Amino acid sequence: MSSDAPQPHFLQSHREDLHAARAELLAGLQQSPARVEPKFLYDALGSRLFDAITELAEYYPTRTETSILAQHGADIARAVAPDSVLIDLGAGSCAKAARLFGPIQPVAYVAIDISVDYLRDSLGALQQRHLGLPMLGLGLDFSTQLALPDAAQAWMAMAGAAQAPRTVFYPGSSIGNFVPAEALALLRQAHALCAAGGTGGGLLIGVDRMKSAAVLEPAYDDALGVTAAFNRNLLLNVNRALNTNFAPAAWDHVALFNAAESRIEMHLQACFEQTVGWPGGERLFAAGERIHTENSYKWMPEAFEALLGEAGFGPAQHWTDAQDWFSVFWAPL
Ligand code: TRP
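About the thresholds
- Residues numbered from 1 in each chain as written.
- Predicted model: local features only at pLDDT ≥ 70, side-chain atom pairs only at ≥ 80, totals over all residues.
- Heavy atoms only, no water.
- Helix = DSSP H or I, 4+ residues; strand = E, 2+ residues; numbered from the N terminus.
- Expected span 1.5 Å × (residues − 1).
- Buried < 20%, exposed > 50% of the residue type's maximum accessible area, 1.4 Å probe, protein only.
- Contact = heavy atoms within 4.5 Å.
- Phe/Tyr/Trp six-rings, centres within 6.5 Å; stacked < 30°, edge-to-face > 60°.
- Lys NZ or Arg CZ within 6 Å of the ring centre and 35° of its normal.
- Axes fitted to C-alpha atoms, helices over the stretch in contact; angles between N-to-C directions.
- Parallel < 35°, antiparallel > 145°, perpendicular 65-115°, else oblique.
- Left-handed = near helix turned anticlockwise from the far one by under 90°.
- Near = heavy atom within 4 Å.
- Polar contact = N/O pair within 3.5 Å; in protein donor to acceptor, adjacent residues only side chain to side chain.
- Areas by Shrake-Rupley, 256 points an atom, 1.4 Å probe, with all protein chains shown as cover.
- Nonpolar A, V, L, I, M, F, W, Y, C, P; charged D, E, K, R; others polar.
- Salt bridge = Lys/Arg side-chain N within 4 Å of Asp/Glu carboxyl O.

Student: Explain helix α8 (residues 180-195) to me, please; I cannot follow it from the model alone.
Tutor: Each full turn of the α-helix corresponds to 3.6 residues, which orients residues three or four apart in the same direction. With 16 residues, α8 ought to run about 22 Å at 1.5 Å a step, and its terminal C-alpha atoms sit 22 Å apart, in line with that. The complete set of buried residues in α8 reads Ala183, Leu184, Leu186, Leu187, Ala190, His191, Leu193 and Cys194. Buried residues in α8 make contact with β3 (85-89), β6 (165-170), β7 (198-208) and α11 (301-310).

Student: What's the story with the packing of aromatic side chains in this structure? I'm lost.
Tutor: Centre distance and the angle of the planes are the two values used to describe a pair of aromatic rings. Summed over the entire model, instances satisfying the criterion amount to 13 aromatic pairs. Their ring planes at 80° and their centres at 5.8 Å tell us that tyrosine 59 and tyrosine 220 sit as a pair that is edge-to-face. Here tyrosine 59, found in the loop between α2 (44-53) and α3 (60-71), pairs with tyrosine 220, found in the loop between α9 (213-219) and α10 (226-242); they are 161 residues apart in sequence, far enough to count as distant. Residue tyrosine 59 shares its accessibility class with tyrosine 220, and that shared class is buried. Here the guanidinium or amino end of arginine 120 rests over the ring plane of phenylalanine 10, the centre of that ring lying 4.2 Å away.

Student: Just to check I follow, could you spell out unusual backbone geometry for this structure?
Tutor: A negative phi angle characterises most non-glycine residues, just as the trans form characterises most peptide bonds. In this structure, the amide linkage connecting serine 32 to the following residue, proline 33, adopts the cis form with an omega of -5°. In this structure, proline 33 sits in the loop between α1 (18-30) and β2 (34-35). For aspartate 83, which is not a glycine, the phi torsion comes out positive at approximately 55°. By the secondary structure assignment, aspartate 83 is in the loop between α4 (73-79) and β3. The backbone phi angle of serine 173 is positive, close to 55°, even though this residue is not glycine. Residue classification places serine 173 among the buried residues on the basis of a relative accessible area of 4%.

Student: Can you help me understand the packing of α1 against α10 in this one?
Tutor: Direction vectors running N to C along α1 and α10 enclose 125°, while the axes themselves pass 10 Å from each other. One element, α1, and the other, α10, form an angle in the oblique class. Classified by chirality, the crossing of α10 by α1 is left-handed. Residues Arg22, Leu25, Leu26 and Leu29 of α1 touch α10, and the partners they reach there are Val238, Ala241 and Leu242.

Student: What's the story with the site of the ligand in this structure? I'm lost.
Tutor: Surveying the vicinity of the ligand reveals 13 residues, the closest of which are Tyr59, Asn177, Tyr220, Met266 and Ser296. In this structure, tyrosine 59 approaches the ligand through a side-chain N or O atom, which is 2.5 Å from an oxygen atom. A distance of 2.5 Å separates an oxygen atom of the ligand from a polar atom in the side chain of tyrosine 220. Starting from 360 Å² of accessible surface for the ligand in isolation, the protein chains cover 99%. Every element with two or more residues in the shell around the ligand is listed here: α10 and β12 (290-297). A class-by-class count of the residues in the shell around the ligand yields seven nonpolar, five polar and one charged.

Student: Please explain the pattern of salt bridges as it appears in this structure.
Tutor: When the charged atoms of two side chains with opposite charge come close together, those side chains can pair. The full count for this structure, using the stated rule, is eight salt bridges. In this structure, aspartate 141 engages lysine 39 in a salt bridge whose closest nitrogen and oxygen atoms are separated by 3.2 Å. With aspartate 141 in the loop between β5 (135-139) and α7 (150-158) and lysine 39 in the loop between β2 and α2, the pair connects residues that are 102 residues apart, well separated along the chain. Its salt-bridge partner being arginine 263, residue glutamate 265 comes within 2.9 Å of it at the nearest N-O pair. Glutamate 265 gets classed as buried once you look at its relative accessible area, which sits at 9%. Three or more residues joined by partner-sharing salt bridges are found here, namely Asp208, Lys211 and Lys298.

Student: What is the right way to read the environment of glutamate 24 from this model?
Tutor: For glutamate 24, the location among the structural elements is in helix α1. Taking the C-alpha atoms as reference points, glutamate 24 and glycine 197, 173 residues apart in sequence, are found 34 Å from one another.

Student: Would you mind showing me how to read the packing of α8 against α11 here?
Tutor: Helix-helix packing: each pair is described by the crossing angle between the helix axes and the interaxial distance. Relative to each other, α8 and α11 sit at 50°, their axes nearing to 9 Å. Taken together, the axes of α8 and α11 lie oblique to each other. α8 and α11 meet at a crossing whose hand is right-handed. Taken together, the residues of α11 that come into contact with α8 (itself represented by Pro180, Ala183, Leu184, Leu187 and Arg188) are Phe304, Leu307, Leu308 and Glu310. Broken down by class, the residue content of the contact of α8 with α11 amounts to seven nonpolar, no polar and two charged.

Here is the structure:
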């Protein structure tokens, strides 16, 4: 790479209060049942393991969503405003958004992810393939609050896109990782983010649909054990954050379909009784005791459409696959 090759601009949003983050993590570990926030899944290794999950035969969401975006690309491009800023929530490898560059022709690309180092690498590589498209990387945990820092607004103004419509892209059914009340709160903030741009903005969002447990459970508990490794990697991230001494091999990956709550639940289950310690404390886990690490809600399209309306969006349209497994919604401002 030559030294004068264009580089994406990069902003690391204010690091959260480490002390508060540790206190929250510790409180979750001491609850019964114990709970760790899913953001601890996504260090650089976690992001790579998740990319591997998306290639598993059992994990249908990514490829189903990709096929919907490809098959209905022309319709989607007609719905999305021309010359918009594409804002990618949880960009990861940036591969999904990159496939939209052709159909929707954005004027700028803003990639947001909590996994900063991974985002830096993937966005840097993407910039080399799209030299003329201004790109901004934003290291940000939007799980509690989604708002662009002032520096990001300033960057958009510099890119000549301050007044451009905003297309917020939230693929992968990551919205399903929030309980419905939190999902609504996030969608309201996504609406505000779109509304701060020009007219014609909106939200393009992928949502996994309710289906049989026979399809859902293997998608979250694959035969190769990649999902298990992804889930256990959370313990290594907790060890790093808290100085705990979790032994990943002493925990089983458990994926359960909870029909009453319309969600798949991910847990880590103690293989035997063990004590986990940290500077100044410890907790005993009984054999079989679980740590709840993630939920993945599955939505009926009508219910999700109602949620988008409640969040302030106009009448939504959506596209689906031949099996009705996944939907991509366009929700205009
Ligand atoms: N957003 C993904 C989903 O809900 C995240 C995910 C996939 C996940 N597999 C997982 C999270 C396994 C925890 C464990 O489908």
